[in-house]
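Architecture at a glance
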Amino acid sequence: MAIIPVLVQHLNERFIRNTTAVFATAPDVSTANFLASRGFLGVYLFFVISGFILALPFAAQYLKDGREVKLSVYYWRRVTRLEPPYILWMTLFFFVFIVVNGANISEYFLHYLAGITYTHSMIFGEWSPFNPPTWTLEIEVQFYILAPLLALIFFRIHKKTIRRITNVVLILLMMVLQQYGQTFKGVLGLTILGHLHYFMVGFLLADLFVCDWNVKRKNSWYDLLAIGSFVSLILVWSWDFEFLSRLLVVSCLFLFFYSVFRARYVNIFLTNRWITAIGGMCYTVYLIHLPLAELFIRVMKHIQVSDSYAINLLVQLAFFLPLVLVVGTIGFLLFEKPFMNKHWPYELKQFIKRKLSVG
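Residues numbered from 1 in each chain as written. Predicted model: local features only at pLDDT ≥ 70, side-chain atom pairs only at ≥ 80, totals over all residues. Heavy atoms only, no water.

This paragraph deals with the overall build of the protein chain. Of regular secondary structure, the protein chain possesses 16 helices and zero strands. A compact globule built from 359 residues should have a C-alpha radius of gyration of about 21 Å, and the protein chain, at 22 Å, falls within 12% of that. Overall, the protein chain is about 65 × 60 × 40 Å in size when its C-alpha atoms are taken along their principal axes. Within the protein chain, the proportion of its 359 residues that are buried is 47%. (Helix = DSSP H or I, 4+ residues; strand = E, 2+ residues; numbered from the N terminus. Rg over C-alpha atoms; globule rule 2.2 N^0.38 Å. Buried < 20%, exposed > 50% of the residue type's maximum accessible area, 1.4 Å probe, protein only.)

Here it is, written out as structure tokens:
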């Protein structure tokens, strides 16, 4: 639900920008373009998911006397799990960018260093020239750093009602400050300052999940709420970032996730093993999809099957989405899955020792 809309949005942008076809209706004003442009909402879904996942172990620790989360282990796991595939892909796309554009390595090397250290937006005030979507991963890393502190603040409040009211009030306060300072635009919009409230929605969901929910209780009424809130997300979100629109988006995000957990048929669909397999590969797919879209559109931009932009976009997506998923699967198995083993640094160290002792 998060990755596919992002793929659709980015291919749509590149198709409009590069196609040589002439359509009956200008793509910019078409319904297809309107719907595809809403793929940006996938970024917000990712932020809520990250907030939920990272909050869970802290919520269990503070609210249910669960296993202690050791910060050294927490931070080291973030590094060993995410950094190796990130560096591999960023390095590959850096050299591809240099070759394809005939650029000077020395001119872009600082961009590369800033990219692999998640500081590009802060240093250059813009996204990476050779893999733009990684600006959201920089925000994710900023949240990873803050998450333990936020968990300490919220989950140490043992009175459930007060804790949740505090969370909601903070979300609203952040949104008001963002609106006043316009921190969701420009350089600040590429940092956690413009997006922290989405992660805090994930914190609220984690609170509910750990303390209140019996996940075995499903109700088909929540299916309607899940579908309705997702459709509403598409309709109410605005690129102009009006406050009412932003408030409705946050409300719909919460309702969507809440209802997905409690729904019957939507839950069955989203817990299908094929769907969860795609979800499990989202990190790799997200890393590779835009450079792949740039390459794809170079080949496909001249193809036209109709004077309808919507039909042509669907044809493009019919080729592009399977391509991304196939390449993403291969990339996941080769460059990400090995690092999901939390013991890989130790195992690698032991392997090197054995080789040296044999030598």
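So, next bit.
In this section: the layout of surface pockets. Its boundaries defined by the atoms lining it, the second largest pocket holds a volume of some 1000 Å³. Around the second largest pocket sit 44 residues that line it, and Arg14, Pro132, Pro133, Leu290 and Glu294 are the ones nearest its centre. Contributing elements (two or more residues each) for the lining of the second largest pocket: helix 1 (3–18), helix 3 (41–64), helix 4 (71–101), helix 7 (134–155) and helix 14 (282–300). It is helix 14 that contributes the most residues to the lining of the second largest pocket, eight residues altogether. Of the residues in the lining of the second largest pocket, the class split is 28 nonpolar, nine polar and seven charged. (1 Å grid on protein atoms, 1.4 Å probe; cavity = no way out; pocket = protein on both sides within 12 Å on 5 of 7 lines; lining within 4 Å. Points joined across faces, edges and corners; volume = space filled by probe spheres on them. Nonpolar A, V, L, I, M, F, W, Y, C, P; charged D, E, K, R; others polar.)

This next bit is on the packing of aromatic side chains. By the definition in use, this model includes 42 aromatic pairs. Measuring from ring centre to ring centre gives 5.1 Å for Phe184 and Phe241, while their planes differ by 35 degrees; the resulting arrangement is tilted. Placement of the pair is Phe184 in the loop between helix 8 (160–181) and helix 9 (196–211) and Phe241 in the loop between helix 10 (221–236) and helix 11 (243–262), with a sequence separation of 57 residues. In this pair, the class of Phe184 matches that of Phe241, namely buried. (Phe/Tyr/Trp six-rings, centres within 6.5 Å; stacked < 30°, edge-to-face > 60°.)

It is worth spelling out the pattern of salt bridges at this point. Overall, the coordinates contain seven salt bridges when judged by the stated rule. Across the pair Glu336 and Arg81 runs a salt bridge whose closest N-O atoms are separated by 2.7 Å. Residue Glu336 is located in helix 15 (residues 309–336), and its partner Arg81 is located in helix 4; the two are separated by 255 residues in the primary sequence. Arg81 carries the same exposure label as Glu336, and that label is buried. In this structure, Lys160 engages Asp212 in a salt bridge whose closest nitrogen and oxygen atoms are separated by 3.2 Å. Taken together, the positions of Lys160 in helix 8 and Asp212 in the loop between helix 9 and helix 10 put the pair 52 residues apart, joining distant regions of the chain. One network of salt bridges, with partners in common, ties together Lys160, Arg163, Arg164, Asp207 and Asp212. (Salt bridge = Lys/Arg side-chain N within 4 Å of Asp/Glu carboxyl O.)

On their own, these measurements won't tell you what the molecule is for.
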